[in-house]
Amino acid sequence: YITMSKSDDANKIPFRFSVNNCGNDTLVIREITSSCGCLIINKQSDIIMPGASSIIAGEINQSRVDSSNNEEYTVAIRTNQKDTAIHFFKIKVNY
């Protein structure tokens, strides 16, 4: 879970997080999707070597959401891992 508050910028709430490869094999990020078209997501790299990490950054376009409520978004990261190929995390914005 990433919890954030409304940004001073009237239109954008930036976020960023690190994806760490704790395994022994190369991690390939195949696709990143979100539950809302208001999220713009950028990844630093598609390939993360064992022991390395990569930054995924983005922003929430506040002009495309109902700001009268707290909003929660789900992001799915699809990888080349055999057992757990899809990883989910949530972003919650408190308005």
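Data block above holds the structure.
Reading guide: rules and limits
- Residues numbered from 1 in each chain as written.
- Predicted model: local features only at pLDDT ≥ 70, side-chain atom pairs only at ≥ 80, totals over all residues.
- Heavy atoms only, no water.
- Helix = DSSP H or I, 4+ residues; strand = E, 2+ residues; numbered from the N terminus.
- Buried < 20%, exposed > 50% of the residue type's maximum accessible area, 1.4 Å probe, protein only.
- Areas by Shrake-Rupley, 256 points an atom, 1.4 Å probe, with all protein chains shown as cover.
- Pairing = 2+ DSSP bridges.
- Phe/Tyr/Trp six-rings, centres within 6.5 Å; stacked < 30°, edge-to-face > 60°.
- Contact = heavy atoms within 4.5 Å.
- Polar contact = N/O pair within 3.5 Å; in protein donor to acceptor, adjacent residues only side chain to side chain.

This brings us to the overall build of the protein chain. On a plain count of helices and strands, the protein chain comes out with zero helices and eight strands. Listing each helix as α and each strand as β along the protein chain from the N terminus yields β-β-β-β-β-β-β-β. For the protein chain, with 95 residues in total, the buried portion stands at 29%. When the accessible surface of the protein chain is totalled, it reaches about 5,900 Å², and 44% of it is carbon and sulfur.

Looking at chain direction, strand 3 (residues 27-34) and strand 5 (residues 47-48) are connected through two bridges and run antiparallel. Bridge pairing in strand 5 links Val 28 to Ile 47. Looking at chain direction, strand 3 and strand 7 (residues 71-79) are connected through five bridges and run antiparallel. Residue pairing in the sheet places Ile 29 in a bridge with Thr 79 of strand 7.

Turning our eyes to something else, we now look at the packing of aromatic side chains. Applying the stated rule across the entire model yields one aromatic pair. When the ring of Phe 17 is compared with that of Phe 89, the centres are 4.2 Å apart and the planes differ by 65°; the resulting orientation is edge-to-face. Pair noted here: Phe 17 is in strand 2 (residues 12-20) and Phe 89 is in strand 8 (residues 86-94), with a separation of 72 residues, a long-range link. Judged by relative accessible area, which is 15%, Phe 17 ranks as buried.

Take the environment of Thr 74 next. With respect to the helices and strands, the residue Thr 74 is situated in strand 7. Remark: the alpha-carbon pair of Thr 74 and Ser 34, spanning 40 residues in sequence, is separated by 5.7 Å. Non-local contacts of Thr 74, meaning those with residues more than four positions away in its chain, are made with Thr 33, Ser 34, Ser 35, Phe 88, Phe 89 and Lys 90. A polar atom in the side chain of Thr 74 sits 3.1 Å from the side chain of Lys 90.

Position of Pro 14 among the secondary structure elements: in strand 2. Overall, Pro 14 belongs to the exposed group, its relative accessible area being 57%. For Pro 14 and Leu 39, which are 25 residues apart along the polypeptide, the C-alpha to C-alpha distance reads 9.7 Å.

Any link to function would need more than the numbers given here.
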